[in-house]
Amino acid sequence: MNDVTSIDRTQRPYSAAAQAFLARKPALFINNEWVASSHDQLLEVEDPSSGKVIGHVVDASDRDVDRAVAAARIAFDDGRWSGLPPMTRERTMIRLADLIEANADEFAELEAIDNGKPKGMAGAVDVPGAVSHIRFMAGWASKISGEVIPPYTMPAGQVFGYTVREPVGVCAQIVPWNFPLLMACLKIAPALAAGCTVVLKPAEQTSLTALRLADLIAEAGFPAGVVNVITGNGHTAGDRMVKHPDVDKIAFTGSTEIGKLINRNATDTLKHVTLELGGKSPVVILPDVDVAQAAPGAAGAIFFNSGQVCVAGSRLYAHRSIFDQVIEGVAATAPFWAPRASLDPDAHMGPLVSKEQFDRVMGYIEAGKRDGASVAVGGDAAPAAGGYYVNPTVLVDVNPQMSVVREEIFGPVVVAQRFDDLDEVAREANNTCYGLGAGVWTRDVAAMHRLAGKIKAGTVWGNCHAVIDTALPFGGYKESGVGREQGRQGIEAYLETKTVIIQM
Ligand code: NAI
Ligand code: MG
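The rules behind each value
- Residues numbered from 1 in each chain as written.
- Chains lettered and ligands numbered in written order.
- Predicted model: local features only at pLDDT ≥ 70, side-chain atom pairs only at ≥ 80, totals over all residues.
- Heavy atoms only, no water.
- Helix = DSSP H or I, 4+ residues; strand = E, 2+ residues; numbered from the N terminus.
- Rg over C-alpha atoms; globule rule 2.2 N^0.38 Å.
- Contact = heavy atoms within 4.5 Å.
- Areas by Shrake-Rupley, 256 points an atom, 1.4 Å probe, with all protein chains shown as cover.
- Lys, Arg positive; Asp, Glu negative; His and termini not counted.
- Charge placed at Lys NZ, Arg CZ, Asp CG, Glu CD.
- Near = heavy atom within 4 Å.
- Polar contact = N/O pair within 3.5 Å; in protein donor to acceptor, adjacent residues only side chain to side chain.
- Nonpolar A, V, L, I, M, F, W, Y, C, P; charged D, E, K, R; others polar.
- Pairing = 2+ DSSP bridges.
- Axes fitted to C-alpha atoms, helices over the stretch in contact; angles between N-to-C directions.
- Phe/Tyr/Trp six-rings, centres within 6.5 Å; stacked < 30°, edge-to-face > 60°.
- Lys NZ or Arg CZ within 6 Å of the ring centre and 35° of its normal.
- Buried < 20%, exposed > 50% of the residue type's maximum accessible area, 1.4 Å probe, protein only.
- Arc of directions from axis to C-beta.
- Expected span 1.5 Å × (residues − 1).

### Here's the deal with the overall build of the chain
Consideration 1: Helix and strand content of the chain: 17 helices and 19 strands.
Consideration 2: In terms of C-alpha radius of gyration, the chain reaches 23 Å, essentially the compact-globule figure of 23 Å for 504 residues.
Consideration 3: Seen through its C-alpha atoms, the chain measures out along the principal axes to roughly 75 × 60 × 40 Å.
Consideration 4: Considering only residue pairs separated by 6 or more positions, the chain has 74% of its internal contacts joining residues 24 or more positions apart.
Consideration 5: For the chain, the accessible surface area stands at approximately 19900 Å², while carbon and sulfur atoms represent 53% of it.
Consideration 6: For the chain, the distance from the average position of its 45 positive side-chain charges to the average position of its 58 negative side-chain charges is 3 Å.

Right under this line is the structure:
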């Protein structure tokens, strides 16, 4: 396993189920039916483990988007979903979760083929995560309620005031390519529990699992038009969704750049907007830790999913007294994380999702070297006949002005710096326009709480990283986002409050 020079990165054969799925005629899922696009534009489906084109999906036209939005609009307005007994909505969602679980192996394989992540990771993280988001949110369908509120300025019994929670309406949900199925389910689950209808668009790089999910939407028994899935480019189909007057809410996960654009574009129609955007999350290692535990933790924080994680621990701060040991410990995990083809059963890390992402990440590594950073491990692409493999990389001798320290790289690249005291590291941790996540490694409870208080981030992890649970709110401070997903706050983001005041 330590002989990483001889890894064969040839992609393994696909299963018969995956081949059959890839051979399907490209179509859009509108009103519970597979329909043809209004034009003949297609997007290529590429396997980043081989760099080969393996199929096609529709690149939706404006007319296609309008058709999907109209379906969702009608399905919302006639109450065919929001008007059902909450128990029925909950049960339909649970059926969907069960169906995903029953097809877990196929979902894991499709995700591995499409995104490049190891099938084992997809099976252990993405698919069960998707299922648990739906199961958790399904329960809210029957637990949303308003309250009776006695008026402040009027005598008791004269005016009856109460609130009702209503679904916001038609939701356009735009998801990225790093956790395609997981993000799709994380998005549709609270919308459906609230009684909304949905037009979902996966990222143009990774449409397969959202399309397979659409099959199960129909099978689970959702009324037609409640969930519509369209595939297509962001600047065309995505843009049309964001500007569409019949859409009430946008939920987006992706780059900060596009998040800002979406926020601006949604302003003319004053849509509700939730944005889950980029990050440059710090991992802080205090001097009291067991380095044998913390170093692999810091490595996992950046190398998991090839670093293509919004909360990737991409800035490592280790106390000066243990810095060298920590770097050695992180570097020692490189053979474990050596990139392999996504269907290789020994893979822990796969290729990057695309040539574009590969070029972006390699460009950052080169910029770091030019700016004076030293490579402690990696710093190069892994040899392969095709595919987009970047070796796990640790850069040292960096400073806060370098682009590798300031900007989101979204690859298996961590920059490591020393610190001396808590105030200093808290300042450095916050020296970023982002504020999504942060990890703190220590056994000193007081130091842990002190840092958790000082760091401006939506989530602070202690002695772990990127632990996500559907019951716990998730989102960003600063330019990492607007609003929260998951937990009670996740469902709140899909509800309006209506106040009723009746003179008696
Ligand atoms: P992106 O933000 O352009 O794409 C994400 C989604 O937004 C895709 O579904 C895309 O079709 C859609 N989109 C793009 N332009 C749009 C527009 N004008 N209107 C509506 N929807 C639009 O991200 P991209 O270009 O794939 O990756 C660039 C960088 O973004 C990455 O290197 C990474 O730094 C960051 N990123 C962050 C993610 C996160 O989870 N926070 C996920 C993906 C990318
Ligand atoms: Mg983009």
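### Observations regarding the site of ligand 1
Consideration 1: Neighbouring residues of ligand 1: 29 residues in total, closest Trp177, Glu204, Ser255, Arg360 and Glu408.
Consideration 2: Contacts to ligand 1 include Lys201, whose side-chain N or O atom sits 2.8 Å from an oxygen atom.
Consideration 3: Between ligand 1 and the protein, one listed contact pairs an oxygen atom with a side-chain N or O atom of Gln357 at 3.1 Å.
Consideration 4: Coverage of ligand 1 by the protein amounts to 91% of the 810 Å² it exposes when considered alone.
Consideration 5: Counting residues per element, the ones that place at least two in the shell around ligand 1 are α8 (234-243), β9 (249-253), α9 (256-265) and α13 (355-370).
Consideration 6: It is α8 that provides the largest number of residues to the shell around ligand 1, a total of five residues.
Consideration 7: Class assignment for the residues of the shell around ligand 1 results in 14 nonpolar, ten polar and five charged.

### A few points about the sheet that holds strand β14 (residues 393-396)
Consideration 1: Strand order in this open sheet of seven strands is β13-β14-β15-β12-β11-β16-β17, and the pairing throughout is mixed. Both edges of this open sheet fall to β13 (374-377) and β17 (459-462), since each of them pairs with a single strand only. Strand after strand, the sheet turns through a mean of 25 degrees between neighbouring axes, direction not considered.

### A word on the packing of aromatic side chains
Consideration 1: Within the structure shown, the criterion is met by eight aromatic pairs.
Consideration 2: Here a set of aromatic residues connected by ring pairs shows up, and it is made of Phe303, Phe336 and Trp337.
Consideration 3: Here Arg9 stacks its cationic end above the ring of Tyr389, 5.7 Å away from the centre of that ring.
Consideration 4: Sitting over the ring of Tyr494, Lys249 keeps its end group 4.6 Å from the ring centre.

### Details of the pairing of strand β16 (residues 437-441)
Consideration 1: Most of β16 is tucked away: five of the five residues are buried.
Consideration 2: Neither face of β16 is open: one carries Gly437, Gly439 and Trp441, the other Ala438 and Val440, and all of them are buried.
Consideration 3: In terms of strand pairing, strand β11 (residues 281-285) meets β16 through three bridges, oriented parallel. Paired with Ile285 across the two strands is Trp441, which belongs to β16.
Consideration 4: Of the pairings in the sheet, the one linking β16 to β17 comprises four bridges and is parallel in character. Bridging across to β17, Gly439 finds its partner in Trp461.

### Points about unusual backbone geometry
Consideration 1: Its identity is not glycine, yet Asn463 carries a phi of approximately 55 degrees, on the positive side.
Consideration 2: Secondary-structure assignment places Asn463 in the loop between β17 and β18 (481-482).
Consideration 3: Judged by its relative accessible area of 37%, Asn463 is partly exposed.
Consideration 4: The phi dihedral of Ala466 is positive, around 60 degrees, even though this residue is not glycine.
Consideration 5: The residue Ala466 is located in the loop between β17 and β18 in this model.

### As for helix α11 (residues 323-331)
Consideration 1: All of the buried residues along α11 are Phe323, Val326, Ile327, Gly329 and Val330. In an axial view of α11, the angular spread of the buried residues amounts to 160 degrees, which keeps them on one side of the axis. Away from its buried face by more than 90 degrees, α11 exposes Asp324 and Glu328.

### Digging into helix α10 (residues 291-303)
Consideration 1: With 13 residues, α10 should cover 18 Å at 1.5 Å per step; its first-to-last C-alpha distance of 18 Å lies within 8% of that length.
Consideration 2: For α10, the complete set of buried residues consists of Val291, Ala294, Ala295, Gly297, Ala298, Ala299, Ala301, Ile302 and Phe303.
Consideration 3: Of the residues flanking the start of α10, the one acting as N-cap is Asp290, its side-chain oxygen 3.1 Å from the backbone nitrogen of Ala292.
Consideration 4: Two residues or fewer after α10 comes Asn305, characterised by a positive phi angle close to 60 degrees.

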